[in-house]
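Breakdown of the fold
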Amino acid sequence: MPDVIAPDLHVLFCGINPGLYTAAVGHNFARPGNRFWPALHAGGFTDRVLSPFEERELLKLGYGITNVVERATASADELSAEELAAGGRRLETTVRRYRPRFLAVLGIGAYRGAFGRPRAVPGPQTETLGATRLWVLPNPSGLNASYQPDRLAAMFRALHEAVTSTRASR
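Okay, so let's go over this structure. A quick note: this is a predicted structure, and the numbers were derived from the prediction, not measured.

Right, let's get into the nonpolar core. Membership of the largest hydrophobic core comes to 25 residues, with the highest contact counts inside it found for Val11, Phe13, Phe36, Leu137, Phe156 and Leu159. Residue contributions to this core peak at 6 residues, all from helix 6 (residues 149-168). In this structure valine 11 touches Phe45, Gly62, Tyr63, Gly64, Phe102, Ala104, Leu159 and Val163, once residues within four positions along its chain are discounted. Counting residues in each nonpolar core, the second largest holds 22 residues, with Val95, Tyr98, Tyr111 and Leu129 among its members.

Shown next, in the form of structure tokens:
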């Protein structure tokens, strides 16, 4: 999956890895039932629910998309600890090159594995990558029953508020 990325974004959203359907159609978070696009809208990032086929529209708004691991799988459970750690190193290089203000990792397990933070919890993180602030959001997969749409939207909204407040203070 190619990254949707540009220098100096407000937020670089980072999925765990592409699912097989997403990889087949070539657009991020494309599987029907994935709640990324509705959560992005409900959180205030977009003025409507975008289609995965409109993913490049995010760049005009100052947002982008990447993944921790590039390999497509049927389930993120198929990824090894080594793949997540290597993905974290690759992601760190990407963040230092493109300098987004926030990196939002979509999945607590992926964040813990990629960055070696076994006790991390969702929300803002204390560490940074250079000047980039780190934030963990729940995995928006429809399989993640722990986060219903209203709770997912609230967590996306909290990040949006942080992004908006940092833009206002610049």
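Anyway, onward from the coordinates.
Below, the discussion takes up the environment of glutamate 54. Inspection of the secondary structure puts glutamate 54 in the loop between helix 2 (36-42) and helix 3 (57-61). Using a relative accessible area of 24% as the deciding quantity, one classes glutamate 54 as partly exposed.

One open sheet holds the 5 strands; their spatial order is 2-1-3-5-4, and the pairing between them is mixed. Two strands close off the open sheet at either side, each with one partner strand: strand 2 (63-67) and strand 4 (123-129). The mean inter-strand angle of the sheet, taken between neighbouring strand axes irrespective of direction, is 25°. As paired elements, strand 1 (residues 11-15) and strand 3 (residues 102-106) share 4 bridges and run parallel to each other. Note on strand 3: the bridge partner recorded for valine 11 is phenylalanine 102.

A separate point is the side chain of asparagine 34. Position of asparagine 34 among the secondary structure elements: in the loop between helix 1 (20-25) and helix 2. Judged by relative accessible area, asparagine 34 falls into the buried class, the value being 19%. A polar contact of 2.8 Å, which involves the side chain of asparagine 34, links it to the backbone nitrogen of phenylalanine 36.

On to the environment of proline 7. Position of proline 7 among the secondary structure elements: in the segment before strand 1. Look at proline 7 and you get partly exposed, because its relative accessible area is 49%. Residues proline 7 and alanine 39 lie 32 residues apart in sequence; the distance between their C-alpha atoms is 24 Å. In this structure, proline 7 is in contact with Tyr98 and Arg99, ignoring residues within four places of it in sequence.

Calculation criteria
- Numbers given to residues run from 1 along each chain, matching the order in which its sequence is written.
- Predicted model: local features are reported for residues with pLDDT of at least 70 only, side-chain atom pairs are reported and counted for 80 or more only, and whole-chain, interface and lining totals are derived from all residues.
- To obtain the side-chain values, all non-hydrogen atoms of the structure were included, while hydrogens and water were left out.
- Grouping buried Ala, Val, Leu, Ile, Met, Phe, Trp, Tyr and Cys residues that are joined through side-chain atoms within 4.5 Å yields what is termed a nonpolar core.
- Only protein chains enter the accessibility calculation, which uses a 1.4 Å probe. A residue is then buried if its area is under 20% of the maximum for its type, exposed if over 50%, and partly exposed in between.
- Secondary structure elements follow DSSP: runs of H or I of four or more residues count as helices, runs of E of two or more count as strands, with numbering from the N terminus.
- Any two residues whose heavy atoms approach within 4.5 Å at even a single point are treated as in contact.
- Pairing between two strands is assigned when DSSP locates at least 2 bridges connecting them.
- All axes here are fitted lines through C-alpha atoms, helices being fitted over the stretch that makes contact, and every angle between N-to-C directions spans 0 to 180 degrees.
- Between N or O atoms, a polar contact is any pair within 3.5 Å; within protein, one atom must be a potential hydrogen donor and the other a potential acceptor, and residues adjacent in sequence are included only when both atoms are from side chains.

None of this, on its own, says anything about what the molecule does.
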